[in-house]
Amino acid sequence: MALVRIGGEKTGSGLAEAEVVSDRAAVTAFLARHGIDYERWTPAHAVGSDAPAEAILAAYAAEIAALKARGGYVTADVIDVTADTPNLDLMLAKFSREHWHDEDEVRFIIEGRGLFHVHPADGPVFAIEVEAGDLIRVPRGTHHWFDLCGERRIRAIRLFQDVSGWTPQYTGSGVDEQFDPVCFGPTYVRP
Ligand SMILES: [Fe+2]
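The structure presented is a predicted model; accordingly, all values stated were derived computationally and were not measured. By convention here, each chain's residues receive numbers from 1 onward along its written sequence. This being a predicted model, a pLDDT of at least 70 is required before a residue's local features are given, and a value of 80 or more before pairs of side-chain atoms are given or counted; all residues contribute to the totals for chains, interfaces and linings. Note: side-chain values were computed over all heavy atoms of the structure, leaving out hydrogens and water.

**Side note on unusual backbone geometry**
Move 1: The residue Asn-87 is not glycine, and still its phi comes out positive at about 60°.
Move 2: Comment: elements are numbered from the N terminus, with helices defined as DSSP H or I runs of at least four residues and strands as E runs of at least two. Within the element layout of this structure, Asn-87 appears in the loop between strand S6 (75-81) and helix H4 (88-93).
Move 3: For each residue, the accessible area found with a 1.4 Å probe, counting protein chains only, is set against the maximum for its type, and the residue is called buried under 20%, exposed over 50%, and partly exposed in between. Owing to a relative accessible area of 57%, Asn-87 belongs among the exposed residues under this scheme.
Move 4: If you check the backbone angles, Arg-152 has positive phi at about 50° while not being a glycine.
Move 5: As for its position among the elements, Arg-152 is in the loop between strand S11 (144-148) and strand S12 (154-160).
Move 6: Taking relative accessible area as the criterion, Arg-152 reaches 26% and is therefore assigned partly exposed.

Encoded structure:
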């Protein structure tokens, strides 16, 4: 179940006050007001932690086909990283600065967690913490950035309208530096 945190930027003396939205209907409505689709899918297909991408795509073939039909997506793949993935920091650094894409960013999270920060043109930055079972669509052109949570694990199906549109376009605003990439869900505190 995704959580939303609004505000909470760094200040000279700590962090600004943040509002956390955790009720599912409220999260869905808040995100919809910002053009972001959010749905909760029960991961209906058991796939092992070490299952290859092809097995995941095959298991979720029906859901992927439905999404493709809805959103004009033409291809799907699986992003699957752990704390041990080689060059993980380099990979993450591409997406942890504010950017936008010329196509939607669609993710269905199968395992792990991640944190999208979204910077609307007309309001405060908010963060969306996603976990297994969350389907999210961030529309093309939305200013955002992405980090993994502390355990540095995510496995998600990605859908693309046009793979060439996936290149991040950086805003260079530096606003991402005002926010800690810290997840805040109930499962955050782990030894
Ligand atoms: Fe992105």
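This is not the end of the story, as more comes after the structure.
**A word on the state of the cysteines**
Move 1: Pairs of cysteine sulfur atoms within 2.5 Å are identified as disulfides in what follows. The final tally for this structure, using the stated rule, is 1 disulfide.
Move 2: One disulfide bridge connects Cys-149 with Cys-183, the sulfur atoms lying 1.9 Å from each other. Torsion about the S-S bond of the Cys-149 and Cys-183 cystine: about -85°, corresponding to left-handed handedness. Residue Cys-149 is located in the loop between S11 and S12, and its partner Cys-183 is located in the segment after strand S13 (169-170); the two are separated by 34 residues in the primary sequence. With respect to class, Cys-149 is no different from Cys-183; both count as buried.

**Remarks on the pairing of strand S8 (residues 105-118)**
Move 1: Within S8, 13 of the 14 residues are buried, which leaves the element mostly enclosed by the surrounding structure.
Move 2: As paired strands, S8 and strand S10 (residues 134-138) are joined by 4 bridges and run antiparallel to one another. Note on S10: the bridge partner recorded for Arg-107 is Ile-136.
Move 3: We call two strands paired when DSSP finds no fewer than two bridges between them. By the bridge criterion, 6 bridges tie S8 to S12 in an arrangement that is antiparallel. Note on S12: the bridge partner recorded for Val-106 is Leu-159.

**Details of the coordination of the iron ion**
Reference geometry at the metal: tetrahedral coordination by four donors gives ideal angles of 109.5 degrees; octahedral coordination by six donors gives 90 or 180 degrees.
Move 1: In this listing, donors mean N, O and S atoms no farther than 2.8 Å from the metal, or 3.2 Å for Na, K and Ca; water is missing from the atoms, so a site can look incomplete. Distances from the iron ion to its protein donors, namely His-99 (NE2), His-101 (NE2), Glu-105 (OE) and His-144 (NE2), fall within the range 2.1 to 2.2 Å.
Move 2: Think of it this way: with four donors and all angles in the 85 to 135 degree range, the site is tetrahedral; with four or six donors, opposite ones beyond 155 degrees and the rest between 65 and 115, it is square planar or octahedral; otherwise it is irregular. Its 4 donor atoms give the iron ion angles of 79 to 162° at the centre, a pattern that matches the irregular case.
Move 3: Binding-site remark: the iron ion is held by donors from one chain whose sequence spacing is H-x1-H-x3-E-x38-H.

**Points about the nonpolar core**
Move 1: Residues Val-4, Leu-31, Phe-126 and Ile-128 are the most contacted members of the largest nonpolar core, which totals 28 residues.
Move 2: Note on contacts: a residue pair is in contact if any heavy atoms of the two residues lie within 4.5 Å. Not counting residues within four places of it along the chain, the set of residues in contact with Ile-128 comprises Ala-2, Leu-3, Val-4, Leu-31, Ile-36, Gly-114, Leu-115, Phe-116, Val-118 and Ile-136.
Move 3: Residues grouped as a nonpolar core are buried Ala, Val, Leu, Ile, Met, Phe, Trp, Tyr and Cys residues, joined through side-chain atoms within 4.5 Å. In terms of nonpolar packing, the next biggest core, distinct from the first, is built from 14 residues, Trp-41, Ile-64, Leu-67 and Val-78 among them.

**A word on the side chain of Arg-107**
Move 1: As for its position among the elements, Arg-107 is in strand S8.
Move 2: Those residues within four positions of Arg-107 in sequence are excluded, and the remaining contacts are Phe-116, Asp-134, Leu-135, Ile-136, Ile-157, Arg-158 and Trp-166.

**Details of the environment of Arg-113**
Move 1: Locating Arg-113 in the fold gives a position in strand S8.
Move 2: Each C-alpha atom, one on Arg-113 and one on Leu-148, is 6.4 Å from the other, the two residues being 35 residues apart in sequence.
Move 3: Between N or O atoms, a polar contact is any pair within 3.5 Å; within protein, one atom must be a potential hydrogen donor and the other a potential acceptor, and residues adjacent in sequence are included only when both atoms are from side chains. In terms of polar contacts, Arg-113 uses its side chain to reach the side chain of Glu-151, at 2.9 Å.

**Considering the packing of aromatic side chains**
Move 1: Two aromatic rings, drawn from Phe, Tyr or Trp (for Trp, its six-membered ring), form a pair once their centres lie within 6.5 Å of each other, and the interplanar angle then sorts them: stacked below 30 degrees, edge-to-face above 60, tilted otherwise. The tally for this structure, following the rule as stated, stands at 5 aromatic pairs.
Move 2: Between the aromatic rings of Trp-145 and Phe-179, the centroid separation amounts to 6.0 Å while the plane-to-plane angle is 55°, which identifies the pairing as tilted. Placement of Trp-145 in strand S11 and of Phe-179 in the segment after S13 is noted, with a sequence separation of 34 residues between them.
Move 3: Residue classification places Trp-145 among the buried positions, given a relative accessible area of 1%.

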